[in-house]
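What follows is each chain in one-letter form.
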Amino acid sequence: MSLVSVVYLVFLAAVALLNYIAPHKWRIYILLLACGVFYSLNQGMYLLILILSISVNYGICLLWSNRRAKVWMYLSLVFNISLLGFFKYIPAILGLGHSFDGTLLQRMVIPIGLSFFSFQAMGYMIDLYWSNKKEIASFPDYALFMSFFPQLLAGPIARGKSFLPQIQQVKRFEYDNVVAGLRRILWGIFKKVVIAGNLSPYTDAVFQNPQMHQGVTLAIAAFAYTIQIYMDFSGYSDIAIGSAKVLGFNLMENFRIPLFARSVTDFWRRWHISLSSWVRDYVFVPLQYQTRRMGMTGTILATLVTFLIFGVWHGANWTLVIFGLMQGVAISWETISSRYRDKVWSFLPVWLGNAIANILVFVFITVSAIFLRAASLWEAVTMFSRFSLDCSAIYLGSKQLLIFALLGMAVVLAVDIRKGEMLFSTYLEMQKPVIRWAFYILSILSILLIGSISSENFIYFQF
Amino acid sequence: MKRFLLKSLLLFATIFVCDYVIGTALQQMFFANNSGAPGYVLNHIAEKQYDAYVMGASGAQRGYVPAVFEQELGLSVFNTGEAGTNIFHNYAALQLILQHSKPKLIIWDITNADYYYRHDASKTGMITPYHHNRRIRQLLYDIQPLNKLWLLSRIYPYNHKVLSIVGTYIFKPQPGVAGDKGYHALNEVVNPSTLRNPMGQFYEEQQSASKRSPEMAAKDMLIRKYFFAFIELCRVNNIRLVAFHCPKAPLNELLASTPLLSEELVLQLEQHHIPLYSIMPNTYPEMRDLNLYYDFSHLNHSGATVYSSIIAKHLQSELQDAR
Amino acid sequence: MNRAQLLQETTQVLIKVLKHSNFTLTERTTAKDVKGWDSLSHMVIMTAIEKHFGITFTLIEMVNLTDIGSMFDILQEKL
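Analysis parameters
- All residue numbers here refer to positions counted from 1 along the written sequence of the relevant chain.
- Think of it this way: whatever chain is written first is A, whatever ligand is written first is 1, and the rest follow in order.
- The model is predicted, so local features are restricted to residues of pLDDT at least 70 and side-chain atom pairs to those at 80 or more, both for listing and for counting; the totals for chains, interfaces and linings are taken over all residues.
- To obtain the side-chain values, all non-hydrogen atoms of the structure were included, while hydrogens and water were left out.
- Numbering of helices and strands runs from the N terminus; a helix is a DSSP stretch of H or I covering at least four residues, while a strand is a stretch of E covering at least two.
- To sort residues, take the accessible area from a 1.4 Å probe on protein chains only and compare it with the maximum for the residue type: under 20% means buried, over 50% means exposed, and anything in between is partly exposed.
- Here the radius of gyration uses the C-alpha set of atoms, whereas the globule reference equals 2.2 Å times the residue count to the power 0.38.
- The contact definition used throughout considers only heavy atoms, calling two residues in contact when any of these lie within 4.5 Å.
- For the purpose of counting charges, residues Lys and Arg are taken to be positive, whereas Asp and Glu are taken to be negative. His and the chain ends are not included.
- One atom stands in for each charge, and that atom is NZ of Lys, CZ of Arg, CG of Asp or CD of Glu.
- Only protein atoms enter the 1 Å grid used here, on which a cavity is any set of points holding a 1.4 Å probe that cannot leave and a pocket is any open set flanked by protein within 12 Å on both sides along at least five of seven lines; residues with an atom within 4 Å of a point are listed as lining.
- Grid points are joined across faces, edges and corners, and a volume is the space filled by probe spheres set on the points.
- Each residue receives one of three labels: charged for Asp, Glu, Lys and Arg, nonpolar for Ala, Val, Leu, Ile, Met, Phe, Trp, Tyr, Cys and Pro, and polar for the others, Gly being one of them.
- Put simply, buried area is the surface a 1.4 Å probe can reach on two separate parts but cannot reach once they are joined, added for both.
- The salt bridge criterion pairs a side-chain nitrogen of Lys or Arg with a carboxyl oxygen of Asp or Glu, the two atoms within 4 Å.
- In the analysis that follows, any N or O atom pair within 3.5 Å is treated as a polar contact, provided that within protein one partner can donate a hydrogen and the other can accept it, and provided that, for residues neighboring in sequence, both atoms belong to side chains.
- A strand pair is defined by DSSP finding two or more bridges across the two strands.
- Structural elements are reduced to axes, namely lines fitted to C-alpha atoms, with helices fitted over the stretch in contact, and the angle between N-to-C directions of any two is expressed from 0 to 180 degrees.
- Start and end points for every domain follow an automatic or database-based domain assignment.
- Put simply, buried Ala, Val, Leu, Ile, Met, Phe, Trp, Tyr and Cys residues joined by side-chain atoms within 4.5 Å make one nonpolar core.
- Per residue, pLDDT captures the predictor's confidence, and it can take any value from 0 to 100.
- A patch consists of residues whose relative accessible area exceeds 30% and which take part in no salt bridge; residues with like charges are grouped when within 9 Å of each other, and nonpolar side chains (Val, Leu, Ile, Met, Phe, Trp, Tyr) when within 5 Å.
- Each accessible area is a Shrake-Rupley estimate made with a 1.4 Å probe; only the visible protein chains count as cover when residues are assessed.

Trainee: Mind showing me how you'd approach the overall build of chain C here?
Mentor: Scanning chain C from N- to C-terminus turns up 4 helices and 0 strands. The order of α-helices and β-strands along chain C, N terminus first, is α-α-α-α. The principal-axis extent of the C-alpha atoms belonging to chain C is close to 30 × 25 × 20 Å. Split into buried and exposed, the 79 residues of chain C put 43% on the buried side.

In C-alpha cells form, the structure reads like this:
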C-alpha cells in the first residue's frame, strides 16, 4: 500500500477514528495492530522479520545490565547490522540476481523499511548506553516505536527520546492537530503526484538509456532528477509526518528548504535530516572523539568514514560509495577552507552570495545524485562522458508532463521562499481563510487534472 | 469533531462543483475534436464508418498504410494504432465501432503485449473519456478497481490531457494531423550503431513471455480476458480478423528469422482460427533491407509501404477464401 | 577553580579556536548560541578545552553535555 493511494487514506482515517474513540489503554494495541496490518498489506510474511527485529532488540534491552553495558550494545549493533547485511548487502555483493523461481536466497527481497527500523533500533540502544538513566520502554511502547506505520516504510527515522514519551500522553481528537496533519498530507500528495510523478517518465527515459542521449539533455535530466527526488522524498515525508500528526504524534522534520543551502555541509543539515543527524550523532561524533587528538586530520577522517557509511546505507553498489565519498570530500573541503571562503563571500552583497552559493550547492548535489540514480558505474560514466554543451538534439520527452512539473515546481518554490524555515501547516495557518481554501481546492483539482495518479512507489522505498 | 466534519463536507461540496464545471467543459472540448489525430483516434472512429480498421500500438500506427490497402483491396480503411496501447485499446475501439456499424475486416498488428501484462498496460488515458459506454466502463473497472471511485470525478477522464485538449480546441486541428487516415510516416533510417543493446532487448522481450512472476501471471489473466473477448467480439459480429506480426530491424540472422511472439500466443490464435502472418525478413527477402527501418522496432515510410503491400496480398487471399 | 574563573578561561579558549569574540558566554549558553560552533567544530573546541584544563572527557560525558553549565559540573569534578 503506497502512501499516495486512496486505500492508504481510508486506512488512515479508519485508524484515526478507532484511535480517538477507543478507551485510552486500548489505543496502543489498536495502533500496533494497524502497524501489523499495514506492513503485511505491503509485504505479507516479511512482517515476521519486523517482529523478529523488535523481539531480539527488545530482548537485548531486557538482558541489559550496567556492568556489561558495552557488550550488550555491541551485541545489538552486530544483530542489526547482520540483519541488514543478510537481506540488503550479501545478495548484492554475491551478485545474486533477484528471481522468483530461484533458490530461497534469490527469491527473497529486502524487507521494506529494514534500513529505517534497524537504524531506529541501533539508535535506541546507543542512547541507552550513553544515557545516565537506564529506563527501558515497555514492550508495547517499544514495538510501536519500531513499527509506527506512517514512518515504517521510509522514515523519518525516529529517536526513542522524542517518540516514546508521546505514546502514553492521552490523545483526544484535536481539531488543530488533525487539520494540520491533513494539510501536510495534501501538500505531500501534491508534490509527489503533480511534480515527481510527472518528471519520472522523463528521467527514467534518459537514465535508463544514457547512451541514446547526449549533450545538454543529460544535464537537464540530471537536474530534473534532483528536483524529482526532492519532491518525491519530501512529499513522502510530508505525508508520513502529516499522518502521524493526524494521530496526534509529532515526528522529526526531514527537510528544511534544502534548495536554499549555502554549502554542502548546510545542505546535509536540511536534507533527509533524520538520517544525516543519525549518522552525525552515532557515527561521526564517536569517530571524531576517537580521532580528536589528530586535529583537523581527525575531523576529516571522521567525515569521510561517516559519509561512506551514509552512502552505503542506500545500498550495496559502488555508485553509492562514490555518492557518499563525494559528500564527505566536499564537506571536508568546506571545513578546511571555511575561513577563506567566508572572506571571499564577504566581497559580495549578501543576496548575490546566497544565490551563487545556492546554485553551486544545487549543481554539486545534482552531479552527485547521478551516482545515486545510476544502476551501475558504467551508467554513471556514460552519463558524464556523453555530456557536452551541444544543444542540437535536446530530448524532452513529453513536453506536457514537463510543463505540469514546472508549474508545480514554481508553486513549491514560491511557498518555500515565502515560508522560509517555518512549517508548511503553520505557514498556511497564518494565511487568510480564502487563501487556505484556495490551496485546498486548487491542489485537489490540480491532482485530478494533471497529477500522475497511477504512478508507482516512492524512490526511497528501495533504500 | 463537528466543526471538522462540517468543514470537510463544505470542502467536498466545493470540489464537487468545480469538478463538475471544469470536467464538463473539458468533455465538450475533447469531443469537439474528431480529426483522428493521435490521442483523438477513438473520437474519429466513433463517428466515421470504414470497411476495415488497422488495430495495434505504435507498430501499427507507423507500419500499416491505409492508402495501400484501399488500393489493393478496394475497401475504406482507417488505422487506429496509438503509441503505447495494447489489446485494451483495440477492445474499446471495436466497442465504439460496433455502436454504428459492423466492419468487414480488422487488420491486427499483434505483439506479446496483447497477451502478457506489461507495467504500463494499466495506463488507460486513451480510453477513460469513453467511460459512458457500459462495456468500456467495465473494462476500466477491471483494469483498476479504484476507477469506480476516480470516475466519479468528471475531470479525471481527461487527466493529463488538459493542455492538448484546450490547445487544440483554441488553435483548431491543422489539416493532416491525422496523418494518412491514422497512419503516421517516419522518414529517417535506422543507424545500427546508436541502437542500445538490441540483442539484449530482444532476449529480454523473448524471455519476459516465458518467465512470469506470480504477480505478473495474475495480471496476465486480465489482459487475456480481453484478448479472448476481442476475438469473440469479432467472431459473433462476423468480422474477418487477420493477425500480422511486424519484424524487428534485421541486424542479424536471428532477428531476421525469429518472431517475438510466444508459442502459447501463436497456439491460441490457431485454436481460435485466427490467421497469423509473421512477416520475417528471412522468408520475405524484400524486408531484409535495413533502409526500411526507423529504429529497432519500427518501420520507416519506405518500409511501411513495402510491408503494407505484402500484407495486402495476404489479405486479398484471406478475403477470397472467406468468399 | 570557581565557576566565574571557568567561564573566563573557557571564553578565552573559544575565542582562540573560533577566531572571533562575537558571543557572551553564560552557564546557559549552548553550542547553537555561538557562531561557528557546530557539529564539525564541536570536537575541536572540546579538545582545546581538554588541553587547556589538562583533563579528558569521556565520550559519554561529551554526548550528555547540554550547556556550558553542565560542562563546568564535569570540569569542577575533574580539576
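Read on, since the account is not over.
Trainee: How do you make sense of the overall build of chain A when you look at a structure like this?
Mentor: Looking only at helices and strands, chain A has 20 helices and 0 strands in total. In terms of overall dimensions, chain A is globule-like: its C-alpha atoms have a radius of gyration of 23 Å, near the 23 Å expected for 463 residues. Within the span of chain A, comprising 463 residues, buried residues form 59% of the whole. Taking all contacts inside chain A whose residues are at least 6 apart in sequence as the whole, residues at least 24 apart take part in 74%. Charge separation in chain A, taken as the distance between the mean sites of 35 positive and 20 negative side-chain charges, equals 7 Å.

Trainee: Please clarify how empty space enclosed by the protein should be interpreted in this entry.
Mentor: Once rolled over the atoms, a probe with the size of a water molecule shows which space is left empty. Inspection of the entire model under this criterion finds 5 cavities of 30 Å³ or more. Its volume calculated, the largest cavity comes out at about 80 Å³. Lining the largest cavity are 12 residues, and of these Trp268, Trp271, Phe323, Ile365 and Leu372 of chain A lie nearest its centre. Elements with a contribution of two residues or more to the lining of the largest cavity: helix H12 (264–270) and helix H16 (350–373) of chain A. Taken together, the residues of the lining of the largest cavity break down into 10 nonpolar, 2 polar and no charged. In this model, the second largest cavity occupies a volume close to 70 Å³. Around the second largest cavity, the lining residues are Gly84, Thr85, Asn86, Phe88, His89, Ala121, Lys123, Thr124, Gly125, Met126 and Ile127 of chain B. A class-by-class count of the residues in the lining of the second largest cavity yields 4 nonpolar, 6 polar and 1 charged.

Trainee: Even after reading the chapter, I still don't get the interface of chain C and chain A, so can you show me in this structure?
Mentor: Bring the parts together and some accessible area is lost; that lost area is often taken as the interface size. Taken residue by residue, the interface counts 17 residues in chain C and 19 residues in chain A. For the pair chain C and chain A, the two sides together bury roughly 1600 Å², of which 61% comes from carbon and sulfur. Area buried by chain C at its contact with chain A is led by Leu40, Met43 and Leu59 of chain C, which between them contribute 39% of it. Counting every contact that joins chain C to chain A gives 3 salt bridges. Of the charged contacts, one joins Asp38 of chain C and Arg269 of chain A as a salt bridge, the two residues approaching to 3.3 Å between their closest N and O atoms. At the boundary of chain C and chain A, one finds 6 residue pairs in polar contact (both at pLDDT 80 or more). When residues of the side of chain C that touches chain A are traced back to their parent elements, those giving at least two are helix H2 (39–53) and helix H3 (59–63) of chain C. A per-element tally of the side of chain C that touches chain A places H2 of chain C first, with 6 residues. Tallied by class, residues from the side of chain C that touches chain A come to 9 nonpolar, 5 polar and 3 charged.

Trainee: Please explain the sheet that holds strand S4 (residues 240–245) of chain B as it appears in this structure.
Mentor: In a beta sheet, neighbouring strands pair by backbone hydrogen bonds and run either parallel or antiparallel. Residues and elements named next belong to chain B. Strand order in this open sheet of 5 strands is S2-S1-S3-S4-S5, and the pairing throughout is parallel. Two strands lie at the open edges of the sheet, namely strand S2 (77–79) and strand S5 (276–278), each paired on one side alone. Within the sheet, the average angular offset between the axes of one strand and its neighbour, ignoring direction, is 20 degrees. For strand S1 (residues 52–55) and S2, the ladder comprises 3 bridges, and the chain directions are parallel.

Trainee: Got a minute to help me understand the interface of chain B and chain A in this structure?
Mentor: Each partner contributes to the interface: chain B provides 31 residues, whereas chain A provides 30 residues. Counting each side, the surface lost to burial between chain B and chain A is near 2800 Å², with a carbon and sulfur contribution of 77%. For the chain B face of the interface with chain A, the top three residues by lost area are Phe4, His160 and Arg196 of chain B, together amounting to 24%. Our count for the contact surface shared by chain B and chain A stands at 6 residue pairs in polar contact (both at pLDDT 80 or more). Within the residue set of the side of chain B that touches chain A, elements represented by two or more residues are helix H1 (2–31), helix H7 (147–150) and helix H8 (162–170) of chain B. When residues of the side of chain B that touches chain A are assigned to their parent elements, the largest contribution, 11 residues, is made by H1 of chain B. Classifying every residue of the side of chain B that touches chain A gives 17 nonpolar, 7 polar and 7 charged.

Trainee: How do you make sense of the domain arrangement of chain A when you look at a structure like this?
Mentor: Residue and element names in this part refer to chain A. Segmenting chain A into domains produces domain 1 (6–173) and domain 2 (177–453). Each of domain 1 and domain 2 has a C-alpha centre, and the two are 26 Å apart. Across the contact, 36 residues belong to domain 1 and 31 residues belong to domain 2. Between domain 1 and domain 2, roughly 2800 Å² of surface is buried when both sides are summed, and carbon and sulfur atoms account for 71% of that area. Ranking the residues of domain 1 by area buried against domain 2 places Phe119, Pro156 and Arg159 at the top, with a combined share of 23%. The shortest N-O distance in the salt bridge between Arg159 and Asp281 comes to 3.1 Å. In this assembly, domain 1 and domain 2 are joined by 13 residue pairs in polar contact (both at pLDDT 80 or more). When contributions to the side of domain 1 that touches domain 2 are tallied by element, the ones reaching two or more residues are helix H1 (6–21), helix H4 (69–93), helix H6 (114–130), helix H8 (149–152) and helix H9 (160–167).

Trainee: What is the right way to look at the nonpolar core in this model?
Mentor: Among soluble globular proteins, nonpolar side chains are generally buried collectively. Phe149, Ile195 and Trp268 of chain A together with Trp108 of chain B are the most contacted members of the largest nonpolar core, which totals 232 residues. Counting contributing residues, this core receives three or more from each of domain 1 (6–173) and domain 2 (177–453) of chain A. Core analysis: the second largest hydrophobic core is formed by 33 residues, Ile107, Phe202, Val242 and Tyr277 of chain B among them.

Trainee: Just checking my understanding: could you explain the confidence of the model for chain C for this structure?
Mentor: Regions with low pLDDT should not have their predicted coordinates read in detail. Residues of chain C with pLDDT of at least 70 account for 100%, and the chain-wide mean is 82. Helix H1 (residues 3–18) of chain C is the least confidently modelled element of chain C, averaging 82 in pLDDT, while H3 of chain C averages 85, the highest of any element.

Trainee: Help me understand a nonpolar patch on the surface in this model?
Mentor: Together, Leu17, Leu18 and Ile21 of chain A together with Met1 and Leu5 of chain B line one region of the surface with nonpolar side chains, adding up to about 500 Å² of accessible area. Looking at the nonpolar patch, the element that brings in the most residues is H1 of chain A, giving 3 residues. Examined against the element boundaries, Leu18 of chain A turns out to sit in helix H1. Taking relative accessible area as the criterion, Leu18 of chain A reaches 45% and is therefore assigned partly exposed.

Trainee: I keep staring at the arrangement of the chains and nothing clicks. Help me out?
Mentor: Taking contact number as the criterion, the leading pair out of 2 pairs of chains in contact is chains A and B. At their nearest point, the C-alpha atoms of chain B and chain C are still 39 Å apart, with no contact between the two.

Trainee: Explain unusual backbone geometry to me, please; I cannot follow it from the model alone.
Mentor: Excluding glycine, a negative phi dihedral is what most residues carry, and trans is how most peptide bonds are arranged. Positioned with a positive phi, Ile257 of chain A is a non-glycine residue whose angle comes to about 25 degrees. As for its placement among the helices and strands, Ile257 of chain A is situated in the loop between helix H11 (216–246) and H12. In this structure Ile257 of chain A comes out as buried when scored by relative accessible area, which is 9%. Although it is not a glycine, His160 of chain B adopts a positive phi angle of roughly 75 degrees. For His160 of chain B, the position within the fold is in the loop between H7 and H8.

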